[in-house]
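Here is what each chain is made of, one letter per residue.
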Amino acid sequence: MAHYGETAELDDRNGDVSPSDLKSHPTENHHSASDNTDSSVESSDEDDEEESDEEEKVPDSDRRCKAEDLSGETQTSCCDKCKSLKNPKNELVTPRKLSRDRLQLHLDAEGVYECTDTGLVFEVSQRVKITYCVLSWSKFSSYLTDGWKFAGPIFDVDCDPSILKSVQFPHSLCLADEKSDVKFSVLHVKNQRGLIEPSADHSGSHVKWTVSSLSPVGPVVQTSKPAEHHGVVQVFKEVGRENSFSFRVYLAGNNCSDIKDIRKAVRRANYCKNNKRYVPVDKPPTCILEENRRYRLSSEPVGHITPEDMLFTPVPVELKGYFEVFFEENPPFTLSLADTHTGHTVWSAVIRDGDCVHNLESENQQKPTRGKKRRSSASEEDNKPNKRSRYIDESDCKKPSAEAPDLTDQQLMQVAKRMGKEWKIVAISYLGLSKQDLEEIESAKDEDVIMLKFNMLERWRRRQPKGKAGIQELYECLKDNDDVPNEVIAVLTEMLQNHSTK
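Predicted model only: the values in this text are computed from it and were never measured.

Draft legend 1. Fine view of the pairing of strand S7 (residues 128–135). Taking burial as the measure, the 8 residues of S7 include 8 buried ones, the bulk of the element. With 6 bridges connecting them, strand S4 (residues 102–107) and S7 associate as antiparallel partners. Bridging across to S7, leucine 107 finds its partner in valine 128. As paired elements, S7 and strand S9 (residues 154–158) share 5 bridges and run antiparallel to each other. Bridging across to S9, threonine 131 finds its partner in aspartate 158.

Draft legend 2. How the structure looks around helix H7 (residues 423–430). Every buried residue of H7 is accounted for by Trp423, Val426, Ala427 and Tyr430. Projected down its long axis, H7 shows its buried positions confined to an angular sector of 115°, all on one face.

Draft legend 3. Structural context of the sheet that holds strand S2 (residues 91–93). Across the sheet, which stays open at both edges, the 6 strands sit in the order S2-S5-S6-S10-S14-S13 with mixed pairing between neighbours. Each having just a single partner strand, S2 and strand S13 (201–202) make up the two edges of the open sheet.

Draft legend 4. Structural context of the packing of aromatic side chains. Under the criterion given, the structure shown has 11 aromatic pairs. With a centroid separation of 6.0 Å and an interplanar angle of 90°, the aromatic rings of phenylalanine 236 and tyrosine 250 are classed as edge-to-face. With phenylalanine 236 in strand S16 (residues 228–239) and tyrosine 250 in strand S17 (residues 245–253), this pair connects stretches of sequence that are 14 residues apart. Taking the centre distance of 3.9 Å and the plane angle of 5° together, the rings of phenylalanine 327 and phenylalanine 333 count as stacked. Phenylalanine 327 gets classed as buried once you look at its relative accessible area, which sits at 2%.

Draft legend 5. Expanded view of the sheet that holds strand S24 (residues 333–339). Reading across the sheet, the 4 strands line up as S22-S20-S24-S25 and stay open at both edges, with antiparallel pairing between neighbours. Every other strand in the sheet has two partners, leaving strand S22 (309–312) and strand S25 (345–351) as the edge strands with one partner each. Each adjacent strand pair in this sheet contributes to an overall mean axis angle of 20°, direction not counted. For strand S20 (residues 293–300) and S22, the ladder comprises 4 bridges, and the chain directions are antiparallel. Counterpart to arginine 296 in the pairing with S22 is aspartate 309.

Draft legend 6. Region of interest: the side chain of serine 299. Its location among the elements puts serine 299 in strand S20. When its relative accessible area of 13% is taken as the criterion, serine 299 is described as buried. Of the polar contacts made by the side chain of serine 299, one reaches the backbone oxygen of proline 301; its length is 2.9 Å. Only 2.9 Å separates the side chain of serine 299 from the backbone nitrogen of glycine 303, close enough to count as a polar contact.

Draft legend 7. Here's a closer look at the pattern of salt bridges. For the coordinates displayed, the defined rule picks out 17 salt bridges. Taking the shortest distance from any N to any O, the salt bridge between arginine 459 and aspartate 437 comes out at 3.1 Å. Separated by 22 residues along the polypeptide, arginine 459 in helix H9 (residues 449–462) and aspartate 437 in helix H8 (residues 435–442) bring together distant segments of the chain. For the pair shown, arginine 459 and aspartate 437 are each scored as buried. Between glutamate 440 and arginine 459 there is a salt bridge, with its nearest N and O atoms 2.8 Å apart. In this pair, glutamate 440 sits in helix H8 while arginine 459 sits in helix H9, placing the two residues 19 residues apart along the sequence. Judged by its relative accessible area of 40%, glutamate 440 is partly exposed.

Draft legend 8. Layout of unusual backbone geometry. Look at the link from threonine 306 to proline 307: it is a cis peptide, with omega at -10°. Here proline 331 and proline 332 are connected by a cis peptide whose omega angle stands at 15°. With respect to the helices and strands, the residue proline 332 is situated in the loop between strand S23 (323–327) and S24. Here the phi dihedral of aspartate 146 falls at roughly 60°; this positive angle occurs in a residue that is not glycine. Turning to its location among the elements, aspartate 146 is positioned in the loop between S7 and strand S8 (149–150). Positive phi, normally seen in glycine, also occurs at asparagine 292, with a value near 60°. Here asparagine 292 is to be found in the loop between strand S19 (286–290) and S20.

Draft legend 9. The arrangement of the confidence of the model for the protein chain in detail. When pLDDT is averaged across the protein chain, the result is 75; 70% of the residues are at 70 or more. With pLDDT under 50 throughout, residues 359–402 is counted as low confidence; its partners more than four residues away or in other chains account for 77 contacts.

Draft legend 10. Layout of the pairing of S24. S24 sits mainly inside the fold: 6 of its 7 residues count as buried. For S20 and S24, the ladder comprises 6 bridges, and the chain directions are antiparallel. The residue bridging leucine 297 from the neighbouring strand is leucine 337, located in S24. As paired strands, S24 and S25 are joined by 6 bridges and run antiparallel to one another. By the bridge assignment, phenylalanine 333 is partnered in S25 with isoleucine 351.

Conventions we followed
Residues numbered from 1 in each chain as written. Predicted model: local features only at pLDDT ≥ 70, side-chain atom pairs only at ≥ 80, totals over all residues. Heavy atoms only, no water. Buried < 20%, exposed > 50% of the residue type's maximum accessible area, 1.4 Å probe, protein only. Helix = DSSP H or I, 4+ residues; strand = E, 2+ residues; numbered from the N terminus. Pairing = 2+ DSSP bridges. Arc of directions from axis to C-beta. Phe/Tyr/Trp six-rings, centres within 6.5 Å; stacked < 30°, edge-to-face > 60°. Axes fitted to C-alpha atoms, helices over the stretch in contact; angles between N-to-C directions. Polar contact = N/O pair within 3.5 Å; in protein donor to acceptor, adjacent residues only side chain to side chain. Salt bridge = Lys/Arg side-chain N within 4 Å of Asp/Glu carboxyl O. pLDDT = per-residue confidence, 0-100. Contact = heavy atoms within 4.5 Å.

Have a look at this one:
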C-alpha cells in the first residue's frame, strides 16, 4: 500500500540529530545492534541505576500524572466531517511522568492501549514497560523527500520490540473526502538515515505501523492534492505592561509535535530580556486548515495585525511564524480566521475582559522563565499541600544574600544521585562545561557513575565566583530545562525552602 524507500541523509548544515532525541534508554539493550551505532550508549550498570532511582525518588502521587508540557496539547477534534477522534475503542491509560517530555507506561497484560496524553496506541503481547517522548519535526523534516510530508507527531519510543507488536500514531488529516488520494507511511530514523517504511493500516485518526526496531518514528503522507488537516489556533497574550493588549496567534496541525514547538517558541520569547511575557488565552482551538491555503486574521474592533495573512503548510512551526495582534482599545475583541480564497471563516473567538486580567504584581516579582505554565491564582497553589512542583513560585524560595554559602559536598551529592543519564547534556548546555571537561572527568578510573556526576557538579562549583555557587544559583541554571529530571528540581527546591526558614 505504501512506498518503501530510503530518504536523503540529514543535511550537515542542519547539524546532527540531537543526542536527547536519539539517546539510549534503560531498555535499549533490546534494540537491534544497528540502531545503537550512532547513539551515545552508557553502561548497563548506569541504566539499572537510573531505572531504580526513578522508581524510588518519584512520589507515588506523581507516578500517573500527565507530563507538564503534553497535558492538553492533543486537542479533541470538533470535525463534523469525519468525527475521527471521538469514541476511542482502545483501553485508555494515563502515563507516568519521568521528566517534562518523557513519559512511561507500565502495561500489565497483553492488549491494545491508548495513551491519554499523546494519543499513541500500543499493541503488546505481554506485560511490559514503555518509555516514550514527543520530538520536534524541525530536527527530522529534512529527511523527507519525494513529496512525503509529516502527518502527525514524531515520537521516540523505547521498549522491547519483541513485545511491542504495533504502534498506532495519531495523524491530523481529515479523511472525510473519500475521493482524496492519500498514501500513509512512517518515517523511521535509524543510523542517522531516514527510512520510509510501509504502514500496516490507517483509520480516520491513526496510522498503524508494525514494529521492526525502535528509534524516532512518525507518520508521513503523500497526497495528489492539498489535504485538509485538523488544525489548532493558539492564542497568547503579552503581560507585564499596564493597558497592553498585544497577542500572538499561532496556526498549526493538531498534533503534539507542532503544539510542543509552539510552547517552546513562547518560552523562548519569555526568556528574552525584553520585559515581555506571554500567557495562553484559553479559547476553543480546533478548526480545519487546508494545505497551501492562505488564511487571513481579522479583528473587531480593527487592530494592528502582522502579517496580513499566512500560508498553512505541513512544515515546522518555527518556519510558519505567527500573527502579531495589537489593540489600542479595551476588550472585548473578536478574532476571526478566514480562507483568503473563499472568504469562509474557519475559526473565531471572543477575547473578553477576564481573559486579559493577570496579576501583574505577581508577574513582576518573578523572573521570566522558559517553561512556567499559567496558573489560575496563587491561592490555588497554596491550597495544594505536600505537592512537589517543578514550577514553584520563586517568592517561596527566598534568594540568599551575597554572603550565602556555596553548595556543600553533601548537597552536591544529593543532586548528583538524582541526575539522569542526560547529565552530560546538562553539563554542557546549562552549566557551561565543555566536552574537554567531560573527557577529563571521565578519564578518572574506578569512578562509578554517581561520582562522575558529582565531579561534574563540583567542577561547576569551583568555577563560580565566591558566594555565587549556592543553591539558588544552581537552581537558576537548571530550572525549566527539558533535560533536567524533576527529581533534581525537587531536591533543590527543598534545599531552598529549608534554607529560607533558617
